Amino acid sequence: MSEQTVAQAEDDFEDEVIAESSWLKESIAPLLTFAGLLLIWEAVTVYFQLPGWLLPAPSAIGVAFVDWWQDLWVHTLVTLYETLVGFALSIVLAVPLAVAVVYSPILRKSIYPILLAMQSVPKVAIAPLLALWIGFGALPKILVVFLVCFFPIIVATATGLASVPTPVMDLIRSLSANQLQTFIKIRFPTAMPHIFVGLKIAITFAVIGAVIGEFVGSESGLGYLILVSSSQARTPVAFSALLLLTIMSIILYYAIELIERIAVPWATRT
């Protein structure tokens, strides 16, 4: 092994060590802050002797989480199913429509105002109508998730497809590339970072959309469990469901980010 190879390996190892230490430093601060907030929360509930139905202590929430873990798990799977199906449906429909909008000025002028009007309507107001028209199964919740996710994805995709630099488009035209080749080689790779930005925004909205649908009319899901627990003064159980919703959103967000790192390694990240 040459000296240059050894030196390069040492440099790579040092970079990995620096990256790991930087990650640890960035992780320690929020973890310590979160732990401090939990301690303050626990102390406040104990000092002021707040009733558990009003504001439970973190310890009480932990006990409820352990006691209700089976029910919480079942309701979590329901909400996760509604979230993922609605999110996938929005991708399947939003990305092709964004491509059509970019390539067709007529569609861009006719569809965009309609999409903006649909996005302006509060989804909380649509959810009861969907329950009235379709029923109280999983489909109304999936449609609410779809409506919540659709607009961010189509806007991000259309923006990315239209963001190719003019010199690059001039170059590809000078090489006599057709529309399909331009889309595959230039437009879609350029749009990928934008698409993943829209996906990361949409996946956090997706969980919110599923809960909105469950609030309106449902017999399962974490949103339903929160409503039932609140009405029965089982506030620790409601907080446990809220905790699971938060964890679900974080995991789904970072799952999309992991896919982005694998699928779009050329994207600039800060």
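Rules behind the numbers
Residues numbered from 1 in each chain as written. Predicted model: local features only at pLDDT ≥ 70, side-chain atom pairs only at ≥ 80, totals over all residues. Heavy atoms only, no water. Helix = DSSP H or I, 4+ residues; strand = E, 2+ residues; numbered from the N terminus. Buried < 20%, exposed > 50% of the residue type's maximum accessible area, 1.4 Å probe, protein only. Lys, Arg positive; Asp, Glu negative; His and termini not counted. Salt bridge = Lys/Arg side-chain N within 4 Å of Asp/Glu carboxyl O. Core = buried A, V, L, I, M, F, W, Y, C linked by side-chain atoms within 4.5 Å. Contact = heavy atoms within 4.5 Å. Phe/Tyr/Trp six-rings, centres within 6.5 Å; stacked < 30°, edge-to-face > 60°. Lys NZ or Arg CZ within 6 Å of the ring centre and 35° of its normal.

Student: How should I be thinking about the side chain of Lys141 in this particular structure?
Tutor: For Lys141, the location among the structural elements is in helix 6 (residues 138-161). Notably, Lys141 is buried but unbridged: the nearest opposite-charge side chain belongs to Glu82, and the N-O separation is 5.5 Å.

Student: Just checking my understanding: could you explain the nonpolar core for this structure?
Tutor: Most often, soluble globular proteins have nonpolar side chains that are buried together. One finds Phe87, Cys149, Ile153 and Leu199 to be the most contacted residues of the largest nonpolar core, which totals 40 residues. If you list the elements that add at least two residues to this core, you get helix 3 (69-103), helix 4 (105-120), helix 6, helix 8 (179-216), helix 9 (222-231) and helix 10 (235-263). Per-element tally for this core: the top contributor is helix 8, with 11 residues. Discounting chain neighbours no more than four positions away, the residues touching Cys149 are Phe87, Ser90, Ala202 and Ala206. Ranked by size, the runner-up nonpolar core spans six residues in total, among them Ile126, Leu130, Val144 and Ile212.

Student: I would appreciate a short explanation of the packing of aromatic side chains in the present structure.
Tutor: The geometry of an aromatic ring pair is captured by the separation of the ring centres together with the interplanar angle, meaning the angle of the planes. Inspection of the entire model under this criterion finds six aromatic pairs. The interplanar angle of 50 degrees and the centroid separation of 5.3 Å between the aromatic rings of Phe146 and Phe150 together place this pair among those described as tilted. With Phe146 and Phe150 both in helix 6 and four residues apart, this pair spans about one turn of that helix. Its relative accessible area of 14% is what places Phe146 among the buried residues. For Phe150, a relative accessible area of 11% translates into the label buried. With a centroid separation of 5.7 Å and 40 degrees between ring planes, the pair formed by Phe183 and Phe188 is classed as tilted. Members of the aromatic cluster, connected to one another through ring pairs, are Tyr103, Phe183 and Phe188. Sitting over the ring of Tyr103, Arg187 keeps its end group 5.4 Å from the ring centre.

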